[in-house]
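Residue-level structure breakdown
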Amino acid sequence: MKKTFPALFIVLVIVLASCKQTKTTESFTAMNTFMTVSVYSSSTKKGQSVCADIQNRIGELEKILSTTLPTSDVYYINHNKKFPEKLKPELLEILKFSSIIYTKTDSAFNPALYPVIREWGFTTENYKVPSDQRITELLLHTDYSALCDSEYAAGVPINEGMEIDFGAIGKGYAADEAVKILQKNDIKSALLDFGGNIQTIGRKPDGSLWRVGIKNPWTGNAACALNVESKAVVTSGGYERFFEDENGKRYIHIFDSKTGRPSESDLESVTIIASSGKYADCLSTALFVMGKTAAIEWWKANPDPDFDFILFTKDRDLIYSAGIKDFIEPLYQFASVEIVQR
């Protein structure tokens, strides 16, 4: 009697071989950030090609969004006080998206704070505390809604003192663009680390969820672990970039657009979990500036976009939205833990 096991075994081997995923990891520096892309694909060659496409795309975005590159669109706007004759679609998309979030967050997210931030020295590291008069003068030019009203037409002038900076959304937008490349190449599993902006694509090759650590502001280790699938995980906090005056008062790099001063939020950090990188990026800043109570209320009042949050307060409390209650694991002895329902 003829046995069929060898034929079945060959078929099984072929199926298993076709499912094998090769990991390719590439690191590079862009947008003043060290970035790492890890891709699981059918071959090393394909993985390298996809990683190269992502790096090239982010390089293109940097040439549009950079505040310091003399050939960028943003640099042109800031130094010529008008829109270029040909506005690239990527910048137009970010301008319009930013105007929506600026309005919805009552200016807690504000890309027009660049002159204020520079005055404090955060762009040059020549830190100082400006006078109240100087801050008041600069705040007159930070109404981003005035830029929105211009409809971004070619050659249209903008406020003489206004300068824009998309540092609080640029990496999130870049992650969204990278996801498009991964989807186009039928990549089902990938992990992007854009300087702390984490973007997961699908699940890990073994079918398990990605496990992302949320940094502990007090110890430097992970305070929480979060299991996610196809999500952006972005954290904003004032514990890494700051300076202190002669009296030891700390000034962080996240600014309150209403005061023109570093935020004095009662939060230590805000983590946003969302499908879109740009949403997660800008909302992590906005909710941090709002502070604990207003941030929670904003989340309750804004189910679209759908996102979840993790808050660490200055009192070392952990507060998070109910949508992630089955996916979060505290790794630190918090003073209290609260789950917020919509």
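For the structure given in this document, a descriptive report is provided here. (Residues numbered from 1 in each chain as written. Predicted model: local features only at pLDDT ≥ 70, side-chain atom pairs only at ≥ 80, totals over all residues. Heavy atoms only, no water.)

Here's the deal with the sheet that holds strand 3 (residues 189-194)
Reading across from one edge, 1-2-3-4-7-12-13-14-16 is the order of the nine strands in this open sheet, with mixed pairing throughout. In this open sheet, the two edge strands, each paired with only one partner strand, are strand 1 (22-30) and strand 16 (336-340). On average, adjacent strands in this sheet sit at an angle of 10° to one another, irrespective of strand direction. In terms of strand pairing, strand 12 (residues 267-274) meets strand 13 (residues 307-313) through seven bridges, oriented antiparallel. Bridge pairing in strand 13 links I273 to D308. Its contacts with the sheet put helix 2 (residues 44-65) on strand 1, strand 2 (33-41) and strand 3, and the angle it makes with strand 1 is roughly 20°. Against the sheet, helix 9 (residues 277-290) engages strand 4 (197-201), strand 7 (232-237), strand 12 and strand 13, with an angle of about 155° to strand 12. (Pairing = 2+ DSSP bridges. Helix = DSSP H or I, 4+ residues; strand = E, 2+ residues; numbered from the N terminus. Axes fitted to C-alpha atoms, helices over the stretch in contact; angles between N-to-C directions. Contact = heavy atoms within 4.5 Å.)

Some thoughts on the nonpolar core
Of all hydrophobic cores here, the largest spans 70 residues; its most connected members are F166 and L287. In terms of residues, this core owes the most to one element, helix 9, which gives eight residues. Setting aside residues up to four positions removed in sequence, F166 forms contacts with L65, V74, L91, I94, L95, S98, P111 and Y144. Counting residues in each nonpolar core, the second largest holds 18 residues, with V228, V233, I310 and F312 among its members. (Core = buried A, V, L, I, M, F, W, Y, C linked by side-chain atoms within 4.5 Å. Buried < 20%, exposed > 50% of the residue type's maximum accessible area, 1.4 Å probe, protein only.)

With respect to helix 8 (residues 170-184)
The end-to-end C-alpha distance of helix 8 is 21 Å, a good match for the 21 Å that 15 residues give at a rise of 1.5 Å each. Burial within helix 8 is extensive, with twelve of its 15 residues counted as buried. Where the residues of helix 8 are buried, they touch strand 2, helix 2, helix 4 (89-104), strand 3, strand 4 and helix 9. (Expected span 1.5 Å × (residues − 1).)

Looking at the packing of aromatic side chains
Enumeration over the complete set of coordinates arrives at 18 aromatic pairs. Ring centres 4.9 Å apart and planes at 75° place the aromatic pair F97 and Y279 in the edge-to-face group. Of this pair, F97 sits in helix 4 while Y279 sits in helix 9, placing them 182 residues apart in sequence. Here F97 falls in the buried class, since its relative accessible area comes to 9%. Judged by relative accessible area, Y279 falls into the partly exposed class, the value being 23%. Through a chain of ring-to-ring contacts, three or more aromatic side chains come together here, namely W120, F122, Y127, F243, Y251 and F255. Sitting above the plane of the F242 ring, R250 keeps its charged end 3.7 Å from the centroid. Cation over ring: K278 sits above F97, and NZ or CZ is 5.1 Å from the ring centre. (Phe/Tyr/Trp six-rings, centres within 6.5 Å; stacked < 30°, edge-to-face > 60°. Lys NZ or Arg CZ within 6 Å of the ring centre and 35° of its normal.)

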